[in-house]
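# Descriptive analysis of the structure
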Amino acid sequence: MNFIFLTNQFYEDYSHCTEIEMKQQRPYVQVFITLHDIDFAIPMRSNIKHNYAFWTDKPNRCGLDYSKAIVIEDRKYIDATNKPYIRPNEFKALIGREYSVKQGLLNYIQAYKKAKLKPDNPRKRDMLEYSALQYFEGYI
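The following paragraphs examine the structure supplied in this document. (Residues numbered from 1 in each chain as written. Predicted model: local features only at pLDDT ≥ 70, side-chain atom pairs only at ≥ 80, totals over all residues. Heavy atoms only, no water.)

A few words now on the side chain of Ser-67. If you trace the backbone, Ser-67 turns up in the loop between β5 (62-65) and β6 (70-71). A polar contact is formed between the side chain of Ser-67 and the side chain of His-50, at a distance of 3.2 Å. Only 2.7 Å separates the side chain of Ser-67 from the side chain of Asp-65, close enough to count as a polar contact. Filtering out sequence-adjacent residues up to four positions away, Ser-67 remains in contact with His-50, Tyr-52, Tyr-108, Tyr-130, Ser-131 and Ala-132. (Helix = DSSP H or I, 4+ residues; strand = E, 2+ residues; numbered from the N terminus. Polar contact = N/O pair within 3.5 Å; in protein donor to acceptor, adjacent residues only side chain to side chain. Contact = heavy atoms within 4.5 Å.)

Structural data, given as structure tokens:
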């Protein structure tokens, strides 16, 4: 499993995308995975308030937030100069779990596509409104 940061150029190019997690002073560590030849980055977050996540520390609501997953359209957006630090307990929760992380993202993408079929449903509307996938629908 690869851990990455995104470049400043990514944040500039996607600054209009309000559901993409952006913290330039202390950027989110992202898990980089490829599904069906599409590169994704899933941010590691704290205080996740929904269940679309791979939990690395569930009591503290920490994990990979599938709702904020993005497509990496160009690998130039991967910051090769800085190496992320992962808290040991979260690193331990992720090691050897790449298949589960990928399955979780696939399940989330399927749920998102299903929500697109019923956008008037209030629960589905929230998923569509707050998902970062809305900016990458052409890829999924």
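Bringing the packing of aromatic side chains into the picture now. Counting across every chain of the model gives seven aromatic pairs. An aromatic cluster of three or more residues is present, and its members are Phe-10, Tyr-11, Tyr-14, Tyr-77 and Phe-136. (Phe/Tyr/Trp six-rings, centres within 6.5 Å; stacked < 30°, edge-to-face > 60°.)

Among the five residues in strand β4 (residues 53-57), five count as buried, and that is most of the element. Across four bridges, the pairing between β4 and β5 is antiparallel. The residue bridging Ala-53 from the neighbouring strand is Asp-65, located in β5. Counting the residues that bridge the hairpin from β4 to β5 gives four residues, and of these Arg-61 lies at a positive phi of roughly 60°. (Buried < 20%, exposed > 50% of the residue type's maximum accessible area, 1.4 Å probe, protein only. Pairing = 2+ DSSP bridges.)

Here we come to the pattern of salt bridges. A complete count under the given rule lists seven salt bridges for this structure. Between Glu-19 and Lys-68 there is a salt bridge, with its nearest N and O atoms 2.5 Å apart. Here Lys-68 lies in the loop between β5 and β6 and Glu-19 lies in the loop between α1 (8-13) and β2 (30-35), a separation of 49 residues in the sequence. On the basis of relative accessibility, which here comes to 8%, the residue Lys-68 falls in the buried class. Ionic pairing is found between Lys-102 and Glu-98, a salt bridge with its closest N-O pair at 3.7 Å. Taken as a pair, Lys-102 and Glu-98 lie in helix α3 (residues 98-117) at a separation of four residues, close to a single helical turn. By relative accessible area, Lys-102 is classed as partly exposed at 24%. Residue classification places Glu-98 among the partly exposed residues on the basis of a relative accessible area of 31%. (Salt bridge = Lys/Arg side-chain N within 4 Å of Asp/Glu carboxyl O.)

Packed helices, taken two at a time, are described by their axes: the angle between them and the distance between them. Axis separation between α3 and helix α4 (residues 122-130) bottoms out at 9 Å; the angle between their running directions is 120°. In terms of axis orientation, α3 runs oblique to α4. α3 and α4 meet at a crossing whose hand is left-handed. Contact with α3, carried on its side by Tyr-108, Ala-111, Tyr-112, Ala-115 and Lys-116, involves Lys-124, Met-127 and Leu-128 of α4 and no other residues of that element. (Axes fitted to C-alpha atoms, helices over the stretch in contact; angles between N-to-C directions. Parallel < 35°, antiparallel > 145°, perpendicular 65-115°, else oblique. Left-handed = near helix turned anticlockwise from the far one by under 90°.)

The next subject is the environment of Ile-38. Summarising the element assignment, Ile-38 is placed in strand β3 (residues 38-45). Ile-38 gets classed as buried once you look at its relative accessible area, which sits at 17%. Considering only alpha carbons, one finds Ile-38 and Val-71, 33 residues apart in sequence, at a separation of 7.1 Å. Beyond its immediate chain neighbours, meaning those up to four positions away, Ile-38 contacts Ile-33, Val-71 and Tyr-139.

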